[in-house]
Amino acid sequence: MSVIKPEIDTLLEKTEHNPFLLCSVASKRACDINNMLRGQHLRVVAIQDVDDITTMVSGEDTTSIAMNELADGKLGYVQDDFDKAIKDTNVTIAE
């Protein structure tokens, strides 16, 4: 699987050209979307005798949704929190 749209360069610009940060932000959001859909699905099942709900969001998988949100500026991260986490873990990022 490759990221074609949005382009990887656009996504990396949103995350300081850090592929690990990009993956972390997108993965966290994709998990949040999955949990939200699962919760909605379970609520519907609880009140219906027959499960007739399909948890599809615009035909895209949750990772694609997260990447599009990141590219559109709807998803981001707190720079200070990221810098503090890096400092606290004593990880050196090669430039």
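What comes next is a walk through the structure. All values derive from a computational prediction rather than experimental measurement.

Calculation rules
Residues numbered from 1 in each chain as written. Predicted model: local features only at pLDDT ≥ 70, side-chain atom pairs only at ≥ 80, totals over all residues. Heavy atoms only, no water. Helix = DSSP H or I, 4+ residues; strand = E, 2+ residues; numbered from the N terminus. Contact = heavy atoms within 4.5 Å. Areas by Shrake-Rupley, 256 points an atom, 1.4 Å probe, with all protein chains shown as cover. Salt bridge = Lys/Arg side-chain N within 4 Å of Asp/Glu carboxyl O. Buried < 20%, exposed > 50% of the residue type's maximum accessible area, 1.4 Å probe, protein only.

1. Some thoughts on the overall build of the chain
Part 1 of the reasoning: The helix and strand inventory of the chain stands at four helices and zero strands.
Part 2 of the reasoning: The linear arrangement of helices and strands in the chain, starting from the amino end, is α-α-α-α.
Part 3 of the reasoning: A separation of at least 24 residues holds for 66% of the contacts in the chain among residues at least 6 apart in sequence.
Part 4 of the reasoning: Counting every atom, the chain has about 7,200 Å² of accessible surface; 54% of that belongs to carbon and sulfur.

2. Comments concerning unusual backbone geometry
Part 1 of the reasoning: In this structure, Glu 16 takes a positive phi of about 55° despite not being glycine.
Part 2 of the reasoning: You can see Glu 16 is positioned in the loop between helix 1 (8-14) and helix 2 (19-47).
Part 3 of the reasoning: Positive phi, normally seen in glycine, also occurs at His 17, with a value near 55°.
Part 4 of the reasoning: Along the chain, the position of His 17 falls in the loop between helix 1 and helix 2.

3. Quick notes on the pattern of salt bridges
Part 1 of the reasoning: Within this structure, the stated rule accounts for two salt bridges.
Part 2 of the reasoning: Between Asp 32 and Lys 28 there is a salt bridge, with its nearest N and O atoms 3.0 Å apart. Highlighted residues: Asp 32 and Lys 28, both in helix 2, separated by four residues, approximately one helical turn.
Part 3 of the reasoning: According to the relative accessible area criterion, Asp 32 is partly exposed, its value standing at 32%.
Part 4 of the reasoning: Across the salt bridge formed by Glu 69 and Arg 29, the nearest N and O atoms sit 2.5 Å from each other. With a gap of 40 residues between them, Glu 69 in helix 3 (residues 62-71) and Arg 29 in helix 2 connect regions that are remote in the sequence.
Part 5 of the reasoning: Given the relative accessible area of 16%, Glu 69 is considered buried.
Part 6 of the reasoning: We classify Arg 29 as partly exposed; its relative accessible area is 26%.

No statement about biological role is implied by the geometric values presented.
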